[in-house]
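What the coordinates show
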Amino acid sequence: MEADPWVPVNIGGSDLLAKAWFGDTQYRLLLSDLNTVWEEDMTAEDIQSRAQDLNKRLRAPTQAFFSHLCSVAQPCFSSQNDGQISAAHMILEQHGDNLTVKLKSELAGLPFCWEFRCTAAPVGVVCRQLVRPLLAVTRVLQRQVEDLAALLARKDVEIQDYQENGAVLSRARLQTEPFEVHKYRENFFTKIVPQMGVTLDSLGFDSELQALYMAVSSGETGLKRKRSPDSNPAAEDNHISEHHKHVTDVPTDVGSSLASQEQNDVKGSSGRPQEADSKQTVLLPSAAAAGSKERSTSRPKKKKVVARIRRKVDQTACQ
């Protein structure tokens, strides 16, 4: 779910940003009006219990009616519903810090009701799902602007070379001034931005920004595990948090025992500590061949020395 983009949706006449993930028998939903972020994470047991409470006549396994819920709800929380008539009627209700999305549809000719009961998301979820990816997007866009400015500067040099070699424009209206990045930036901030009418509560998140968000988010996380269709994004977040906790919270007695074990492993059979080389050397094929050649040439030398010693011993014995 980390790489899934936020999409602008309209639920019950209210404009929101939505980010939804539906598995086989579970889902996770994030909604935001840029003032608050709400979330709901439901497992198969929770879905079965709520379905029985809202639909007393429902007698079906979770998988059976959850597929229907996905088919009618998922398009409402994504860009798939653009210009289409939804098969479900949705109502938005807010009670304090909680947000409820009520859904009404038909399943096998019978009314089917569902409620997405979202609560205010903690700060960690807001930062991980919204703030950090958007800051990364701004860095990428800034890098893109810098690359385009450098490209324009190279184009100006190219045009200047053409002009110095006698090239002339066939149409005077195509004449442009050399690009000055500082002048352009100042003009953009003082003249263009005020005319754009961008407000801080704007929910504009078009397809290009969604694609950029997905690219940034998919490359941001260091733990890239292959997730099955029924895996839970919230469980993955908890797994990552527990992993960091176990790595950092190492008891001191365990560390001392590991250190003493390492010292015992370094000691040789004579009881003296051996010098342990912390760097591993990987021999290339040529180096390995050279090493074997040196070993092969050193063996005859040792044999010659032994033969000379034996001859000297024999001569001494004869005398």
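Worth saying up front: this structure is predicted, and the values here are computed from it rather than measured. (Residues numbered from 1 in each chain as written. Predicted model: local features only at pLDDT ≥ 70, side-chain atom pairs only at ≥ 80, totals over all residues. Heavy atoms only, no water.)

In terms of regular secondary structure, the protein chain is built from eight helices and seven strands. Within the protein chain, buried positions represent 24% of all 319 residues. When the accessible surface of the protein chain is split by element, carbon and sulfur atoms take 54% of a total near 22,800 Å². (Helix = DSSP H or I, 4+ residues; strand = E, 2+ residues; numbered from the N terminus. Buried < 20%, exposed > 50% of the residue type's maximum accessible area, 1.4 Å probe, protein only. Areas by Shrake-Rupley, 256 points an atom, 1.4 Å probe, with all protein chains shown as cover.)

What follows deals with the packing of helix 1 (residues 44-54) against helix 2 (residues 62-73). The axes of two packed helices give the description: the angle between them and the distance between them. Where helix 1 contacts helix 2, the two axes come as close as 10 Å, and the packing angle between them is 85°. Here helix 2 runs roughly perpendicular to helix 1, going by the angle between their axes. Of the residues in helix 2, those in contact with Ala 44, Ile 47, Gln 48 and Ala 51 of helix 1 are Thr 62, Phe 65 and Phe 66. (Axes fitted to C-alpha atoms, helices over the stretch in contact; angles between N-to-C directions. Parallel < 35°, antiparallel > 145°, perpendicular 65-115°, else oblique. Contact = heavy atoms within 4.5 Å.)

Quick look at the pattern of salt bridges now. Tallied over the full model, the rule gives six salt bridges. Between Glu 39 and Arg 28 there is a salt bridge, and its shortest N-O distance comes to 3.3 Å. With Glu 39 in strand 4 (residues 37-42) and Arg 28 in strand 3 (residues 27-32), the pair connects residues that are eleven residues apart, well separated along the chain. For Glu 39, a relative accessible area of 16% translates into the label buried. What makes Arg 28 buried here is its relative accessible area of 3%. As a salt-bridge pair, Glu 93 and Lys 102 come within 3.3 Å of each other at their nearest N and O atoms. (Salt bridge = Lys/Arg side-chain N within 4 Å of Asp/Glu carboxyl O.)

On to a nonpolar patch on the surface. On the surface, Phe 189, Ile 192, Val 193, Met 196 and Val 198 cluster together into a nonpolar patch covering about 470 Å² of accessible area. Inspection of the secondary structure puts Ile 192 in helix 4 (residues 181-196). Residue classification places Ile 192 among the partly exposed positions, given a relative accessible area of 33%. (Patch = residues over 30% accessible without salt bridge, like charges linked within 9 Å, V, L, I, M, F, W, Y side chains within 5 Å.)

This part takes up helix 1. An α-helix turns once per 3.6 residues; consequently, residues spaced three or four apart project the same way. Of all the residues in helix 1, the buried ones are Ile 47, Arg 50 and Ala 51. Projection of helix 1 onto a plane perpendicular to its axis shows the buried side chains occupying an angular sector of 105°, all on one side. Here the buried face of helix 1 lies against strand 3, strand 4, helix 2 and strand 7 (110-120). (Arc of directions from axis to C-beta.)

Here the distance between the centres and the angle between the planes together describe a pair of aromatic rings. The full count for this structure, using the stated rule, is eleven aromatic pairs. Measuring from ring centre to ring centre gives 5.3 Å for Tyr 27 and Phe 116, while their planes differ by 70°; the resulting arrangement is edge-to-face. Taken together, the positions of Tyr 27 in strand 3 and Phe 116 in strand 7 put the pair 89 residues apart, joining distant regions of the chain. Of the two residues, Tyr 27 and Phe 116, both sit in the buried class. With 6.2 Å between their ring centres and 40° between their planes, Phe 65 and Phe 112 make a pair best called tilted. Here Phe 65 is found in helix 2, whereas its partner Phe 112 is found in strand 7, with 47 residues between them in sequence. Of the two residues examined, Phe 65 and Phe 112, each falls in the buried class. Three or more aromatic residues joined by ring pairs form one cluster here, namely Phe 22, Tyr 27, Phe 66, Phe 77, Trp 114 and Phe 116. (Phe/Tyr/Trp six-rings, centres within 6.5 Å; stacked < 30°, edge-to-face > 60°.)

Let us now look at the pairing of strand 5 (residues 89-95). Successive side chains on a regular strand alternate, one facing one side of the sheet and the next facing the other. For strand 5 and strand 6 (residues 98-107), the ladder comprises seven bridges, and the chain directions are antiparallel. Directly across from Gln 94, in strand 6, lies its bridge partner Leu 99. The hairpin turn running from strand 5 into strand 6, its antiparallel successor, is two residues long, and Gly 96 in that turn takes a positive phi close to 65°. (Pairing = 2+ DSSP bridges.)

The next subject is the sheet that holds strand 4. The seven strands are arranged 1-2-3-4-7-6-5 in an open sheet whose pairing can be described as antiparallel. Only two strands of the sheet have a single partner each, and these edge strands are strand 1 (7-11) and strand 5. Looking at each pair of strands side by side, their axes are set apart by 30° on average, direction ignored. Bridging between strand 6 and strand 7 involves nine bridges; their strand directions are antiparallel. Residue pairing for strand 7: Thr 100 is matched across the bridge by Arg 117. Across the face of the sheet, helix 1 comes into contact with strand 3, strand 4 and strand 7 while running at roughly 125° to strand 7. Those strands touched by helix 3 (residues 123-164) are strand 2 (14-22), strand 3 and strand 4, and its axis lies near 80° from that of strand 3.

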